[in-house]
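Each chain, letter by letter, is given below.
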Amino acid sequence: MGLPYIWHSKARNPFVNLKNKYKGIYWQEELIPFFQGATLPKECTMVQSCYKELSKQVKAKLEKVDDYFNKLADAMLTWIEAWDELNPYTQLANGK
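If you're wondering where the values come from, they're calculated on a predicted model, not measured in any experiment. (Residues numbered from 1 in each chain as written. Predicted model: local features only at pLDDT ≥ 70, side-chain atom pairs only at ≥ 80, totals over all residues. Heavy atoms only, no water.)

Chemist: I'd love a proper account of the packing of helix H3 (residues 47-62) against helix H4 (residues 68-86), names of residues and values included.
Modeler: One can describe the packing of H3 onto H4 by two numbers: an axis separation of 8 Å at closest approach and a directional angle of 165°. Relative to H4, the element H3 lies roughly antiparallel. The element H3 and its partner H4 pack so that their crossing is left-handed. Between H3, through Gln 48, Tyr 51, Lys 52, Leu 54, Ser 55, Val 58, Lys 59 and Leu 62, and H4, the contact on the second element is made entirely by Phe 69, Asn 70, Leu 72, Ala 73, Asp 74, Met 76, Leu 77, Trp 79, Ile 80, Trp 83 and Asp 84. (Axes fitted to C-alpha atoms, helices over the stretch in contact; angles between N-to-C directions. Helix = DSSP H or I, 4+ residues; strand = E, 2+ residues; numbered from the N terminus. Parallel < 35°, antiparallel > 145°, perpendicular 65-115°, else oblique. Left-handed = near helix turned anticlockwise from the far one by under 90°. Contact = heavy atoms within 4.5 Å.)

Structural data, given as structure tokens:
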């Protein structure tokens, strides 16, 4: 366990927050089946490769829901690239 890698703390207005997130209610119709049916190939043995594969699936299958998911998929790849850059020991453990 331990502390999170990133600590996120913002004071927000709950009504503004609700307005910003109302789309999620509608997106559930697509998101729940997507994540229930998502599978990863056997080659995905490390978190990084699994996350990259999931980002491809998000882009391919959820882009029709909202452009947000294209941005999300790109951000997922950026996150993993940053993780690998800041944590080179994980690459060494993977034989890279």
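Moving on from the coordinates now.
Chemist: Kindly report on the nonpolar core, identifying the contributing residues and their values.
Modeler: In this structure, Trp 27, Leu 31, Phe 34, Leu 54, Val 58, Leu 62, Phe 69, Ala 73 and Met 76 together form the largest nonpolar core, which totals nine residues. Of all the secondary-structure elements, those providing two or more residues to this core are helix H2 (23-37), H3 and H4. What Leu 54 contacts, discounting residues up to four positions off in sequence, is Phe 34, Phe 35, Ala 38, Leu 40 and Met 76. (Core = buried A, V, L, I, M, F, W, Y, C linked by side-chain atoms within 4.5 Å. Buried < 20%, exposed > 50% of the residue type's maximum accessible area, 1.4 Å probe, protein only.)

Chemist: Pulling in residues and values, what's your account of the packing of aromatic side chains?
Modeler: If you walk through the whole model with that rule in mind, you get five aromatic pairs. Between the aromatic rings of Tyr 22 and Tyr 26, the centroid separation amounts to 6.4 Å while the plane-to-plane angle is 85°, which identifies the pairing as edge-to-face. A connected cluster of aromatic rings, assembled from ring pairs, spans Trp 27, Tyr 68 and Phe 69. (Phe/Tyr/Trp six-rings, centres within 6.5 Å; stacked < 30°, edge-to-face > 60°.)

Chemist: Provide a residue-level description of the confidence of the model for the protein, including the pertinent values.
Modeler: When pLDDT is averaged across the protein, the result is 87; 86% of the residues are at 70 or more. When pLDDT is averaged over each element of the protein, H3 comes out on top at 96 and helix H5 (residues 88-93) at the bottom at 63. (pLDDT = per-residue confidence, 0-100.)

Chemist: Tell me about H2, residues and numbers included.
Modeler: Between its terminal C-alpha atoms H2 stretches 21 Å, which fits the 21 Å expected from 15 residues at 1.5 Å a residue. The largest bend in H2 is about 45°, located at Glu 29, with the proline Pro 33 one to four residues further on. Every buried residue of H2 is listed here: Trp 27, Leu 31 and Phe 34. Where H2 is buried, its residues contact H3 and H4. (Expected span 1.5 Å × (residues − 1). Bend = angle between axes of the 7 residues up to and from the residue.)

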